[in-house]
Amino acid sequence: MHYSVKSLTVISSSFNHRYLTIGIFATVQATGVTILIISTVIPSLRPPKCTRDSATTCTPASGIQLIILYLALYLTALGTGGLKSSVSGFWSDQFDESDPEERSRVTNFFNWFFFFINIGSLSSVTILVYIQDNLEREWGYGIRACAIVIGLVLFLSAEGLKKKKKKKQKFPHSNQFCFLDRAAIKDPFAPEANKWNLATLIDVEEVKLVLRMLPIWATTVIFWTVYAQMTTVSVSQATTMDRHISKFQIPPASLTVFFVGSILLTVPIYDKLIVPIARKVLKSPQGLTPLQRIAVGLVLSINAMIAAALTEIKRLRAASSLGFTNDPTVQIPLSVFWLVPQFLFVEAGEAFTYIGQLDFFLSECPKGMKTMSTGLFLSTLSLGFFVSSLLLTIVHKVTGNKKPWLADNLNQGRLYDFYWLLAILSCLNLAIYLVFAKWYVYKDKRLSGEGIELEEAEPTFH
């Protein structure tokens with residue numbers, strides 16, 4: 001799903017308008033979920049039910065059944081990728097960023113945009129999971145499909161939104177990355193100048209804008225590497241711990257509720273408490289700038305890895321003192337709530353980092369490249385999970401089988417060392433990030449310094 005976002009950016013940018021793009025990809029997403037419903041309702045489109053206690057051999061899925069399943073999943077991923085790379089840019093277009101009051105509303109919009117995304121996530125991992133487990137799976141898919149269709153109808157009914165008048169940006173010539181200026185020099189040997197062999201100065205300056213954003217892009221990947229551990233090794237930790245609340249046992253995967261819960265707390269606290277204080281202290285209408293928000297998220301991710309390492313040390317000591325080191329299946333009498341701090345730190349960090357990145361990449365990119373810029377931001381999520389997989393592979397090979405950090409039996413491993421490694425890498429990354437954040441000059445400040453302002457123009461299409 002993460003990788004579909006990156007690949008769909010170019011596709012969604014090629015349409016005449018993000019409004020149309022959103023409508024098309026929402027339809028594609030609804031189609032994927034509908035096919036998934038059909039495959040669960042019609043017995044011939046799925047293999048017969050099979051349980052672990054079944055005495056007979058489970059029947060594998062046939063070729064046509066797998067084709068239907070993959071078609072549903074890929075259409076859902078395709079639709080999600082197109083939506084994610086377009087919807088935030090579309091809504092930010094409804095604000096006039098040259099107006100300081102509306103510019104502050106954009107930041108406020110991103111806060112609550114992210115908040116309601118996570119309301120949906122919370123409903124998905126609680127209400128819909130309960131319905132699927134206690135009724136039938138097709139009910140859960142059906143509710144999802146209906147929600148998408150209702151949202152699509154409501155969106156298309158507000159057609160007037162797409163007529164929001166946009167503004168064209170003038171850019172002064174900059175000496176930075178001056179080698180790119182050659183693209184705007186006419187080649188005397190070219191038979192005829194066209195957009196393929198001759199760029200305008202505006203085109204060159206827009207490319208320079210994107211290049212200035214790349215160091216920030218690169219130094220946010222490590223946050224999502226840390227985030228990935230909460231859905232992998234941290235869940236493995238939870239399976240060995242006491243997950244009971246009275247007589248109820250929490251499924252390890254349901255710890256994602258702490259993810260969403262911390263976000264739902266962080267966003268209102270930031271919007272209603274931190275922003276007013278930051279406005280007074282920093283004398284900024286935004287409160288914290290996008291780069292400052294990202295920095296806070298990176299610091300919180302470091303705290304998460306420190307908390308995770310300390311919790312793992314405590315878990316191993318409990319296992320050793322009780323003689324459970326050689327038994328990977330036994331449940332250690334240590335409450336799973338010891339893992340809550342690392343989940344809370346990461347998810348509070350996500351609220352700062354995600355919104356900060358979204359604001360930064362949409363406000364700092366050229367006006368006609370918002371979809372591409374959103375895709376650039378979302379690619380950091382994909383790369384973060386990729387780096388996580390790469391790190392896990394390297395650590396497993398380097399530490400070997402004698403004293404492995406990542407053992408099949410966590411009670412014999414040294415998972416805390418892996419967390420310490422991530423904490424160190426995150427600290428180094430934070431130092432590099434702060435250098436680039438200090439070096440970066442926001443677009444509006446750079447343009448105001450040159451005396452360049454936004455001017456009215458014909459509507460531009462993305």
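Here, the structure is the one placed above.
I will try to describe carefully the structure that is included in this document. Every chain is numbered on its own, with residues counted from 1 as its sequence reads. At least 70 in pLDDT is required for a residue's local features to be given in this predicted model, at least 80 for side-chain atom pairs to be given and counted, and no such filter applies to totals for whole chains, interfaces and linings, which use all residues. Computation of side-chain values: all heavy atoms of the structure, hydrogens and water removed.

On to the packing of aromatic side chains. Ring geometry is summarised as follows: Phe, Tyr and Trp rings, the Trp one being its six-membered ring, pair when their centres sit within 6.5 Å, and such pairs are stacked at plane angles under 30 degrees, edge-to-face over 60 and tilted between the two. One pass over the full model with this rule turns up 10 aromatic pairs. Centroid distance Trp224 to Tyr354: 6.4 Å. Interplanar angle 80 degrees. Geometry classified as edge-to-face. Placement of the pair is Trp224 in helix 8 (residues 221-229) and Tyr354 in helix 12 (residues 340-363), with a sequence separation of 130 residues. Throughout, exposure labels follow a simple rule: accessible area from a 1.4 Å probe, protein chains only, divided by the maximum for the residue type, with under 20% read as buried, over 50% as exposed, and the rest as partly exposed. In this structure Trp224 comes out as buried when scored by relative accessible area, which is 1%. Overall, Tyr354 belongs to the buried group, its relative accessible area being 10%. Relative to Phe377, the ring of Tyr354 lies with its centre 5.1 Å away and its plane at 80 degrees, an arrangement referred to as edge-to-face. Here Tyr354, found in helix 12, pairs with Phe377, found in helix 13 (residues 370-399); they are 23 residues apart in sequence, far enough to count as distant. For the pair formed by Tyr354 and Phe377, the shared burial category is buried. An aromatic cluster is built from Phe223, Trp224, Tyr227, Tyr354, Phe360, Phe361, Phe377, Phe385 and Tyr440, whose rings are joined through pairwise contacts. The side chain of Lys314 reaches across the aromatic face of Trp338, ending 4.6 Å from its centre. Each helix is a run of DSSP H or I of at least 4 residues and each strand a run of E of at least 2, with the numbering of both proceeding from the N terminus. Two limits define a charge over a ring: the Lys NZ or Arg CZ must be within 6 Å of the ring centre, and within 35 degrees of the ring normal.

Below, the discussion takes up the pairing of strand 5 (residues 332-335). The alternating pattern of strand 5 places Ile332 and Leu334 on a buried face and Pro333 and Ser335 on a face that is not buried. Pairing between strands is defined by DSSP: at least two bridges between the two strands are required. Pairing geometry for strand 2 (residues 241-242) and strand 5, over two bridges, is parallel. Across the sheet, Met241 pairs through a bridge with Ile332, a residue of strand 5.

Residues with no salt bridge and a relative accessible area higher than 30% make up the patches, which join like charges within 9 Å and nonpolar side chains (Val, Leu, Ile, Met, Phe, Trp, Tyr) within 5 Å. In this description, accessible areas are obtained by the Shrake-Rupley approach with a 1.4 Å probe, and a residue is regarded as covered only by the protein chains that are shown. Salt-bridge detection follows one rule: a side-chain nitrogen of Lys or Arg within 4 Å of a carboxyl oxygen of Asp or Glu. Taken together, the side chains of Leu265, Ile269, Leu273, Ile277, Val281 and Leu282 present a nonpolar region at the surface, about 590 Å² in accessible area. By the element assignment, Ile269 lies in helix 10 (residues 256-282).

Just geometry here; none of it tells us what the structure is for.
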